[in-house]
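Letter by letter, the chains look like this.
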Amino acid sequence: MGAVPRLSLLPRDRTFFDLFSKAGQNALHAARLLDQMMHTWPDDEGLGREVLKAEQEGDQITHEIIKRLNSTFVTPIDREDIYSLATQMDDIVDYSEEAADFLALYKIEAPMSQAQDLTKVLVLACEQLAAGLEHLPDFKGLDKYWIEIHRLENDGDRISRDAVASLFSNGIDPMVVIRWKDMFAVLEEAIDATETAAQIIEGIVIKNS
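Figured I'd write up the structure that's included with this text.

Conventions we followed
- Residues numbered from 1 in each chain as written.
- Predicted model: local features only at pLDDT ≥ 70, side-chain atom pairs only at ≥ 80, totals over all residues.
- Heavy atoms only, no water.
- Helix = DSSP H or I, 4+ residues; strand = E, 2+ residues; numbered from the N terminus.
- 1 Å grid on protein atoms, 1.4 Å probe; cavity = no way out; pocket = protein on both sides within 12 Å on 5 of 7 lines; lining within 4 Å.
- Points joined across faces, edges and corners; volume = space filled by probe spheres on them.
- Nonpolar A, V, L, I, M, F, W, Y, C, P; charged D, E, K, R; others polar.
- Salt bridge = Lys/Arg side-chain N within 4 Å of Asp/Glu carboxyl O.
- Buried < 20%, exposed > 50% of the residue type's maximum accessible area, 1.4 Å probe, protein only.
- Axes fitted to C-alpha atoms, helices over the stretch in contact; angles between N-to-C directions.
- Parallel < 35°, antiparallel > 145°, perpendicular 65-115°, else oblique.
- Left-handed = near helix turned anticlockwise from the far one by under 90°.
- Contact = heavy atoms within 4.5 Å.

## Thoughts on unusual backbone geometry
The step from Trp41 to Pro42 runs through a cis peptide bond, and the omega angle for that step is 10°. Checked against the element boundaries, Pro42 lands in the loop between α1 (15–40) and α2 (47–71). Phi is positive for Lys107, which is not a glycine, with a value near 50°. By secondary structure assignment, the location of Lys107 is in the loop between α3 (79–105) and α4 (113–134). A positive phi angle, near 60°, is found at Phe139, a position not held by glycine. Within the secondary structure, Phe139 sits in the loop between α4 and α5 (143–167).

## Let's talk about empty space enclosed by the protein
Leftover empty space is mapped by rolling, across the atoms, a probe with the size of a water molecule. Counted by the stated rule, this structure contains two cavities of 30 Å³ or more. By volume, the largest cavity amounts to about 50 Å³. Residue classes in the lining of the largest cavity are distributed as six nonpolar, three polar and one charged. In this model, the second largest cavity occupies a volume close to 40 Å³. As for the second largest cavity, its lining consists of Gln128, Leu129, Gly132, Leu142, Tyr145, Trp146, Ile149, Ala198 and Ile201. Listed by contribution, the elements that provide at least two residues to the lining of the second largest cavity are α4, α5 and α6 (174–208).

## Observations concerning the pattern of salt bridges
Summed over all chains, the structure comprises eight salt bridges. Between Lys207 and Asp78 there is a salt bridge, and its shortest N-O distance comes to 3.2 Å. Here Lys207 is found in helix α6, whereas its partner Asp78 is found in the loop between α2 and α3, with 129 residues between them in sequence. Residue Lys207 is classed as partly exposed on the basis of its relative accessible area, which comes to 48%. On the accessibility criterion, Asp78 (34% relative accessible area) is partly exposed.

## Observations concerning the packing of α2 against α3
Direction vectors running N to C along α2 and α3 enclose 170°, while the axes themselves pass 9 Å from each other. Put simply, α2 runs roughly antiparallel to α3. Helix-helix and strand crossings are classified by hand; for α2 and α3 the assignment is left-handed. Two secondary-structure elements touch here, α2 through Val51, Leu52, Ala54, Glu55, Gly58, Asp59, Thr62, Ile65, Ile66, Leu69 and Asn70 and α3 through Arg79, Ile82, Tyr83, Ala86, Asp90, Val93, Asp94, Ser96, Glu97 and Ala100. Looking at side-chain class alone, the contact of α2 with α3 contains eleven nonpolar, four polar and six charged residues.

## Thoughts on the environment of His39
Position of His39 relative to the elements: it lies in helix α1. When its relative accessible area of 46% is taken as the criterion, His39 is described as partly exposed. Once the C-alpha coordinates of His39 and Ile92 are considered, the two residues, 53 residues apart in sequence, prove to be 20 Å apart. Aside from chain neighbours lying at most four places away, what touches His39 is Gln116 and Thr119.

Right, dumping it as structure tokens:
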């Protein structure tokens, strides 16, 4: 009689990993659209509508993750990590959409160069995050992604601080100062969300190594 196969408590279902990979690609898509907007505004060419579509797609992915979480008895990674990571991925796209919305809402005539620098950082961070999520099922070799995202987040902080300081040193109209402070803040929040997501991934890897 042959040996009885050992039962594994970890499900073979890769759906959660596939959904996180999809969320990573969607966040990167939204960031690239926003970056394009920030370099071509006020010539929108429908980019704002495309960012909104990405935000709606992000909501749908998050809904699917939470729905599956509530109906799955055994998950491949801790339930709280799945929920936290899904929330952070959704936040990245939400903040990107909010920044795109600000361009029209605040009637921005021409984007400041610091805003373009921040969207570039956001794209780079989302590229690292998307790659990390693609390889998340391996639970190894991911440290390079979160290290680079942390470095990029530090760059974003520096750019944002310098940008806000410049608003108060050049005699700019107070209403313009308020608008751009809001813009810089939401761009920084988007970049911060990528770092928080990377920290969650780091925790997942540590627990599963």
